Amino acid sequence: VRDGTPISSFFNGSGTKRLPQAIIIGVKKGGTRALLEFLRVHPDVRAVGAEPHFFDRNYERGLAWY
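Summary of the structure given here. For every chain, the first residue of the written sequence is number 1, and numbering continues from 1 along that sequence. Local features are withheld for residues below a pLDDT of 70 in this predicted model, meaning they are given only at 70 or higher, and side-chain atom pairs are given and counted only at 80 or more; totals for whole chains, interfaces and linings count all residues. Excluding hydrogens and water, the side-chain values take into account all heavy atoms of the structure.

**Observations regarding the overall build of the chain**
Logical step 1: Strands are runs of DSSP state E lasting at least 2 residues, helices are runs of H or I lasting at least 4, and numbering of each runs from the N terminus. Counting its regular elements, the chain contains 2 helices and 0 strands.
Logical step 2: Each residue's exposure class comes from its accessible area (1.4 Å probe, protein chains only) as a fraction of the maximum for that residue type: buried when under 20%, exposed when over 50%, partly exposed otherwise. Burial statistics for the chain: of 66 residues in total, 6% are counted as buried.
Logical step 3: A separation threshold of at least 6 residues defines the contact pool for the chain, and within that pool the share at least 24 residues apart is 23%.
Logical step 4: Element-wise, carbon and sulfur atoms account for 58% of the exposed surface of the chain, whose accessible area totals about 5,800 Å². What makes two residues a contact is simply this: any of their non-hydrogen atoms within 4.5 Å. Using the Shrake-Rupley algorithm and a 1.4 Å probe, accessible areas are obtained, with residue cover drawn only from the displayed protein chains.

Have a look at this one:
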């Protein structure tokens, strides 16, 4: 981290939301929740609280919803 800000910030410098830099995709019982929890331990990673289920349940709502 060069400027002291986290690599994966939810907001950019202007205070607006930005899309994620990484997405975890997997199947049920495939270890994706464990991977997310391990990544949360890192100080430069910010993760959403709940799984947004964008691709399987909310894709039709578009990127504005996401």
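Now, onward.
**Topic: the side chain of Asn58**
Logical step 1: As for its placement among the helices and strands, Asn58 is situated in helix H2 (residues 54-58).
Logical step 2: Not counting residues up to four positions away in its chain, the partners in contact with Asn58 are Pro52, His53 and Trp65.

**Looking at the packing of aromatic side chains**
Logical step 1: Side-chain rings of Phe, Tyr and Trp, where Trp is taken by its six-membered ring, are said to pair if the distance between their centres is within 6.5 Å; with planes under 30 degrees apart they count as stacked, over 60 as edge-to-face, and otherwise as tilted. Following the criterion strictly, the structure yields 5 aromatic pairs and no others.
Logical step 2: Seen in terms of ring centroids, Phe55 and Tyr59 are 6.1 Å apart; in terms of plane orientation they differ by 25°. Their pairing is stacked. Each member of the pair, Phe55 together with Tyr59, is exposed.
Logical step 3: Taken together, Phe54, Phe55, Tyr59, Trp65 and Tyr66 form an aromatic cluster joined through their ring pairs.

**Re unusual backbone geometry**
Logical step 1: In this model, Lys29 sits at a positive phi of 65°, which is unusual for a non-glycine residue.
Logical step 2: Within the secondary structure, Lys29 is located in the segment before helix H1 (32-40).
Logical step 3: When its relative accessible area of 87% is taken as the criterion, Lys29 is described as exposed.

**Examining the pattern of salt bridges**
For side chains of opposite charge, pairing can occur when their charged atoms come near one another.
Logical step 1: Salt bridges, as used here, are contacts in which a Lys or Arg side-chain nitrogen is within 4 Å of a carboxyl oxygen on Asp or Glu. Applying the stated rule across the entire model yields 2 salt bridges.
Logical step 2: For the salt bridge of Glu37 with Arg40, the shortest nitrogen-to-oxygen distance reads 3.8 Å. You can see Glu37 and its partner Arg40 sitting in helix H1, 3 residues apart, about one turn around the helix.
Logical step 3: Here Arg40 falls in the partly exposed class, since its relative accessible area comes to 30%.
Logical step 4: One network of salt bridges, with partners in common, ties together Arg33, Glu37 and Arg40.

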